[in-house]
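For reference, the chains in residue letters:
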Amino acid sequence: MEKEYIGANTLNMILNGQRSILGCPLNSFEAQKFTKQTIDLLDGFLSGEIEINIKDLYILEDILSALHNTTRGDYRQKAEIYASKIAPIIQKKQEFFYKLNDVNFVAFVLNNKKMARNLTPEELLKAYQTITTNTQTSSRLTSRLEQQINSYALLKYAELKTSRRALSANKKFIDTFNLEHKKVTQISKSLVLMSDTSVAKDTPKSENKFIAFWNKAKNSISKKIDKMRHKIKKFYYKHEAKIAVASFALLGLFGYKMYNMTNNSSPYANNHSFSTNVKSNTYNQMDKTADFTKEAQKLSSNTPNKEVKQDTDTQKTVITGDYFDTALEIHLKSQENVQNLYNKIDALAEDGKIKFADGMNTKKYAHAFTMYNLIRPNSVENKKIQNLLKGGTENPELINRLVLKAKDNGTGVKPDNKSITNSNFDMASKALQQQHLKNLKSLSL
């Protein structure tokens, strides 16, 4: 299937056209023309025929909103159906793009031919950046990953050459991989490299037979392993509830034995006057052993001064390692800054200057405030937020609506222009990146 690559200029043209028919009769020539243009774009995106870069997806969301606002009846219902289908696709694409910051995930994708062949030019660029800036893997593995991604870049370039618009929309991709002067023969060679069964022409016949025998045996073993894997998966999903109950029972038994061993070895074990009084926390904290990766545990153990504990007397919002905590630590650079922001918002709530509604809380407010400050620093909305944080007074209902509009993942805050060129995520530590990706995945489930 030949893809059509749509850039920001074309998307903005479609957006402005859809917005221009606000108030026009629905049966007018202009209204029908621009609405059909918008629907063709959305149909193409849903079918996979149209490719849009990650950084331009917010324009597609604006186009959806414009379609809903400028139409009525069947067209408005259609706009709502499009929104329900396209929103999960956009979120999935954004999550996948973030995962390409991890060199291990990049290696996994490149070793899966189907996934690698479906990478967009923008995703190939991101994966290439991760490989070339990576310092964790050996030089030998890095070199192999570079060879793989260059081969897939050649194949993608062969697809792009069928459309002048596609070449124009992906100029950075072509320049980075130096593809402009690549010949068809080089692309053919990359196809040979991608094939497991390819054999060089000058290979002796005896060696060819051995390779053919080896490939046949390897494929047979691979099929058997896949069948076994499938049976195990099927068994697991069929008895998932029973396995979970059994696992918790075993963990409980293990914990009980460890508790008894600890009590028996303690100098206070036989002292009946010794007792412990556990004070229950007002907030339900997350189980860090279950939710943190090994790297995050190591990070937290190396920085004991940054660990924030809950104050049960003042009932403050505390850092527990969830999605909002890791997202804010990435943007605000430290846990101290995150906790200070939580404390400010807690104080504003206590003074009655903000009123949580519609499921909002301190962490959601902190995340939304940070998104407005980073993405739209000069906006009227951010000026109101900053005035509130500095001790001023704003309409609590208006502030709550701004937080709702921002959404939990911040996608509701749209940039004023293209001035945002770097990512705080890229500059965060590896452990924090991995923990945030894990939190992001759990948020979408």
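Another aspect to go through is the overall build of the protein. Along the protein, the regular secondary structure elements total 22 helices and two strands. A total of 445 residues make up the protein; the buried ones form 36% of that total. Across the protein, the fraction of contacts at a sequence separation of at least 24, relative to all contacts at a separation of at least 6, is 69%.

Glancing now at the pattern of salt bridges. Evaluated as defined, the whole model comprises 12 salt bridges. Among the salt bridges present, the one from D56 reaches K55, with a minimum N-O distance of 3.6 Å. For K55, a relative accessible area of 54% translates into the label exposed. For the salt bridge of K363 with D325, the shortest nitrogen-to-oxygen distance reads 3.1 Å. With K363 in helix α18 (residues 362–375) and D325 in helix α16 (residues 323–332), this pair connects stretches of sequence that are 38 residues apart. For the pair shown, K363 and D325 are each scored as buried.

Turning our attention to the confidence of the model for the protein. Across the protein, pLDDT averages 75, with 67% of residues at or above 70. Taking the mean pLDDT of every element in the protein, the minimum, 35, falls on helix α14 (residues 288–291) and the maximum, 93, on α18. With pLDDT under 50 throughout, residues 184–189 is counted as low confidence; its partners more than four residues away or in other chains account for six contacts. Under a pLDDT of 50 for its full length, residues 262–314 has, in the predicted model, 55 contacts with residues more than four places off or in other chains.

It is worth spelling out helix α17 (residues 335–351) at this point. Taking 1.5 Å per residue as the helical rise, α17 with its 17 residues ought to reach 24 Å, and the 24 Å between its terminal C-alpha atoms agrees with that figure. Those residues of α17 lying buried are Q335, V338, Q339, L341, Y342, I345, D346 and L348. Turning to α17, the residues buried within the fold contact α16, α18 and α19 (380–389). Backbone geometry just downstream of α17 places G352 in the positive-phi region, at approximately 85 degrees.

The next thing to look at is unusual backbone geometry. A positive phi is found at N178, a non-glycine position, where the angle reads about 55 degrees. Checked against the element boundaries, N178 lands in the loop between α10 (171–176) and α11 (184–194). Owing to a relative accessible area of 51%, N178 belongs among the exposed residues under this scheme. A positive phi angle, close to 70 degrees, is found at K407, a residue other than glycine. As for its placement among the helices and strands, K407 is situated in the loop between α20 (396–406) and α21 (424–427).

Packing of helix α3 (residues 57–70) against helix α4 (residues 74–99) leaves a shortest axis separation of 9 Å and a crossing angle of 165 degrees. The angle between the axes of α3 and α4 places the two elements in the roughly antiparallel class. Two packed elements cross with a definite hand, and for α3 against α4 that hand is left-handed. Here L57, L60, E61, L64, L67, H68 and N69 of α3 lie close against α4, whose contacting residues are R76, A79, E80, Y82, A83, I86, I90 and K93. Within the contact of α3 with α4, the residues separate by chemical class into nine nonpolar, two polar and four charged.

Inspection of the secondary structure assignment puts I131 in helix α7 (residues 121–133). Residue class for I131 comes out buried when judged on its relative accessible area of 0%. Spatially, the C-alpha atom of I131 lies 7.1 Å from that of L145, the residues being 14 residues apart in sequence. Excluding its chain neighbours within four sequence positions, the residues that come into contact with I131 are V106, L110, T142, L145, E146 and I149.

Time to look at the nonpolar core. Core analysis: the biggest nonpolar cluster contains 28 residues, and L110, L124, I149, F173, F177 and L179 have the highest contact counts within it. The set of elements that each furnish at least two residues to this core consists of α5 (103–110), α7, α8 (139–160) and α10. With eight residues, α8 is the largest single contributor of residues to this core. Excluding residues that lie within four positions of it along the chain, F173 makes contacts with P121, L124, L125, A153, K156, Y157, L160 and L179. If you look at the next biggest cluster of nonpolar residues, it comprises 25 residues, including L341, L348, L388 and V413.

As a further point, take the packing of aromatic side chains. Under the criterion given, the structure shown has seven aromatic pairs. An angle of 80 degrees between the planes, with centres 5.0 Å apart, marks the rings of F356 and Y365 as edge-to-face. The buried category is assigned to Y365, whose relative accessible area is 0%. Geometrically, the ring pair formed by Y365 and F369 is edge-to-face, given 5.6 Å between the ring centres and 65 degrees between the ring planes. Linking Y365 with F369, this pair stays in helix α18, spanning four residues, or about one helical turn.

A few words on the environment of K93. Along the chain, K93 turns up in helix α4. Looking at K93, the relative accessible area reads 21%, which means it is partly exposed. Discounting residues that sit within four places of it in the chain, K93 has contacts with F45, E51, I54 and L57. Polar side-chain contacts of K93 include one of 3.3 Å to the side chain of E51.

The next subject is the side chain of S334. Considering the arrangement of structural elements, one finds S334 in the loop between α16 and α17. For S334, a relative accessible area of 13% puts it in the buried group. For S334, the side chain forms a polar contact with the side chain of N337, separated by 3.2 Å.

Analysis parameters
- Residues numbered from 1 in each chain as written.
- Predicted model: local features only at pLDDT ≥ 70, side-chain atom pairs only at ≥ 80, totals over all residues.
- Heavy atoms only, no water.
- Helix = DSSP H or I, 4+ residues; strand = E, 2+ residues; numbered from the N terminus.
- Buried < 20%, exposed > 50% of the residue type's maximum accessible area, 1.4 Å probe, protein only.
- Contact = heavy atoms within 4.5 Å.
- Salt bridge = Lys/Arg side-chain N within 4 Å of Asp/Glu carboxyl O.
- pLDDT = per-residue confidence, 0-100.
- Expected span 1.5 Å × (residues − 1).
- Axes fitted to C-alpha atoms, helices over the stretch in contact; angles between N-to-C directions.
- Parallel < 35°, antiparallel > 145°, perpendicular 65-115°, else oblique.
- Left-handed = near helix turned anticlockwise from the far one by under 90°.
- Nonpolar A, V, L, I, M, F, W, Y, C, P; charged D, E, K, R; others polar.
- Core = buried A, V, L, I, M, F, W, Y, C linked by side-chain atoms within 4.5 Å.
- Phe/Tyr/Trp six-rings, centres within 6.5 Å; stacked < 30°, edge-to-face > 60°.
- Polar contact = N/O pair within 3.5 Å; in protein donor to acceptor, adjacent residues only side chain to side chain.

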